[in-house]
Amino acid sequence: MNEKKQQVSRRQFLNYTLTGVGGFMAAGVLVPMLRFAVDPVLQPSSKGDFVNVGLAVEDITSEPQRIEWQVVQEDAWNKSEVTKVAWVFRNDDGEIIAHSPICKHLGCFVTWEGSEDYPNEYFCPCHDGRYYKDGTNVPNTPPMAPLDEYEQRIENGMLYLGDPKPRGEA
Amino acid sequence: MKWIKADLEKYLQEKKYIDTLLVPLLPISFSNDPELTNLAYKTNLLTTLSNELERELAGRLFQTPPYFYLEGTERSKEIERLNEWIMDACKQPFKHTFIVTHDMSWKKNEQALTGTLLWIPSLTSVDPQADEYKTFIRSQVEQLVEFIRSYW
Ligand code: FES
C-alpha cells in the first residue's frame, strides 16, 4: 500500500517536472505559497519576504503608478491581511523605483500629483508635505526625510517587492 | 492614529498636527436571530473601512474605538451618551469630528450630534476576500479622504 502510494506520487512528480514550462511555473507558484503557509510557523515575522505585486516590468513607465497588494501581517496576538501600497516608475537612468506612500512627517499616505498646485511631485494631504519625484522631501514642508523605497527583485519579468527601507539602504 | 499605546505616545508629542476625530458608529443586538450575521458583517465592513481611512490619514486623524449602540433602543439616550463621549475627546485640541455609520436612520438625528455624520453605503453579502469587496473599500475610502480633506 505504502509502496503503491509512493509510486503514484513519484509518477505525479515526474509528470509535473517533465511537462516542462507548465510544471516549472506551477512549482514557481506553489513554492512561495508553501513558504507563505509554513513561514509564519517557523518564524513569526514575515519580514524580508519578497512578494509578487502583480506588475509586469514592461508595464512600468516613467509615470509613477499606484499599486496595491495584500500580505498577511502577524504580531504576537493578531494575524491580519493588510494592503500594501507603492508608487512605481522608471527614473531617468532607467532604474525602477518603488516608493512607499508613507509620509515621513506623521505617516499619512502621499499621492503622486496629489495636489493640482504641485505638478510632478508627491503630495501629502495632511499637512501639505511634498516630495520630488526621486522621493526627496521638498525643503520647508513638514517632512524631514525622503520617502522610503521598497527593496525589489525581478523574476520572470514580474516585479517583487520586499520591505520599505530609508533611501540608500534599499 | 489609533487608541493604542504606541500611537498615543506619538499623539502626545504631536497633537497640534492631529485635529480630526473619527468615530465609527456601530449597532449591536443579540435579540433577533436572522439579524445577527448581518450585524456582524456590517461591523466588519465599517471597521475595515475606518481602519483603511485611518491608515491613509494617520498623521492627522485619530480613530476612536467604535461606539456601539443597542439596535432598536431609544436614540435620544444614545445621542446623549455619544455626545458626551465626543465632548470628552474634544478636551484635546480636535477641530473636526466625523462619525461614520452604515445606518441611514441616524440621518434623522444628524442635527443633534456633536460631529459630522457620514453615512456610508453597505454591502450585504459580498465575500470579504472577493475583488468586489476590495474595490468597494478602495472607492469608499478615496471618497471619504476627499470629503474630509475638504474640511481641512
Ligand atoms: S503627515 Fe505628511 S505632511 Fe504631515
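Structure: see above.
What you see is a predicted model, and the numbers here were worked out from it, not measured in a lab.

Chemist: Lay out the packing of aromatic side chains with the relevant residues and their values.
Modeler: Per the counting criterion, the structure on display carries 13 aromatic pairs over all chains. Aromatic pair A:Trp112 and A:Tyr122: ring centres 5.0 Å apart, planes at 70°, arrangement edge-to-face. Of the two residues, A:Trp112 sits in strand 5 (residues 111-112) while A:Tyr122 sits in strand 6 (residues 121-124), which places them ten residues apart along the sequence. Here A:Trp112 and A:Tyr122 have matching classes, each one buried. Centre to centre, the rings of B:Phe147 and B:Tyr151 are 5.2 Å apart; their planes meet at 55°, and the pair counts as tilted.

Chemist: So, the sheet that holds strand 7 (residues 129-132) of chain A: which residues are in play, and what are the values?
Modeler: All names here are of chain A. Read across the open sheet, the three strands follow the order 5-6-7; overall the sheet is antiparallel. Of all strands in the sheet, those with a lone pairing partner are strand 5 and strand 7, marking the two edges. Pairing of strand 6 with strand 7 involves four bridges; the strand directions are antiparallel. The residue of strand 7 that forms the bridge with Cys124 is Gly129.

Chemist: Residues and numbers for the state of the cysteines, please.
Modeler: Evaluation of the coordinates by the stated rule reveals one disulfide over all chains. A sulfur-sulfur distance of 2.1 Å marks the disulfide that ties A:Cys108 to A:Cys126. One disulfide, between A:Cys108 and A:Cys126, carries an S-S torsion of -90° and so falls in the left-handed class. On the criterion of sequence distance, the pair formed by A:Cys108 in the loop between strand 4 (96-99) and strand 5 and A:Cys126 in the loop between strand 6 and strand 7 is long-range, its members being 18 residues apart. Here A:Cys126 falls in the buried class, since its relative accessible area comes to 1%. Not part of a disulfide, B:Cys90 finds its nearest cysteine sulfur in A:Cys126, a span of 18 Å. Given a relative accessible area of 33%, B:Cys90 falls into the partly exposed group.

Chemist: Tell me about the pairing of strand 9 (residues 158-165) of chain A, and please be specific about residues and values.
Modeler: All names here are of chain A. Bridge count for strand 1 (residues 51-56) against strand 9 is three bridges, and the pairing is antiparallel. When the bridges of strand 9 are listed, Val51 appears paired with Leu161. Direction of pairing for strand 8 (residues 149-155) relative to strand 9: antiparallel, over a ladder of six bridges. When the bridges of strand 9 are listed, Arg153 appears paired with Tyr160. Counting the residues in the hairpin turn of strand 8 and strand 9 gives two residues, including Asn156, whose phi is positive at 50°.

Chemist: Talk me through the interface of chain B and chain A; I want residue IDs and the actual numbers.
Modeler: Taken together, the contact between chain B and chain A spans 14 residues of the former and 15 residues of the latter. Contact with chain A buries surface across chain B, with B:Arg55, B:Glu56 and B:Arg149 losing the most and accounting together for 37% of the total. Remark: the boundary between chain B and chain A carries three salt bridges. Across the pair A:Glu68 and B:Arg138 runs a salt bridge whose closest N-O atoms are separated by 3.5 Å. Connecting chain B to chain A are five residue pairs in polar contact (both at pLDDT 80 or more). Looking at the side of chain B that touches chain A, the element that brings in the most residues is helix 4 (residues 131-149) of chain B, giving three residues. In terms of residue class, the side of chain B that touches chain A is made up of four nonpolar, two polar and eight charged.

Rules of the game
Residues numbered from 1 in each chain as written. Chains lettered and ligands numbered in written order. Predicted model: local features only at pLDDT ≥ 70, side-chain atom pairs only at ≥ 80, totals over all residues. Heavy atoms only, no water. Phe/Tyr/Trp six-rings, centres within 6.5 Å; stacked < 30°, edge-to-face > 60°. Helix = DSSP H or I, 4+ residues; strand = E, 2+ residues; numbered from the N terminus. Buried < 20%, exposed > 50% of the residue type's maximum accessible area, 1.4 Å probe, protein only. Pairing = 2+ DSSP bridges. Disulfide = S-S within 2.5 Å. Contact = heavy atoms within 4.5 Å. Buried area = accessible area lost by both parts, 1.4 Å probe. Salt bridge = Lys/Arg side-chain N within 4 Å of Asp/Glu carboxyl O. Polar contact = N/O pair within 3.5 Å; in protein donor to acceptor, adjacent residues only side chain to side chain. Nonpolar A, V, L, I, M, F, W, Y, C, P; charged D, E, K, R; others polar.

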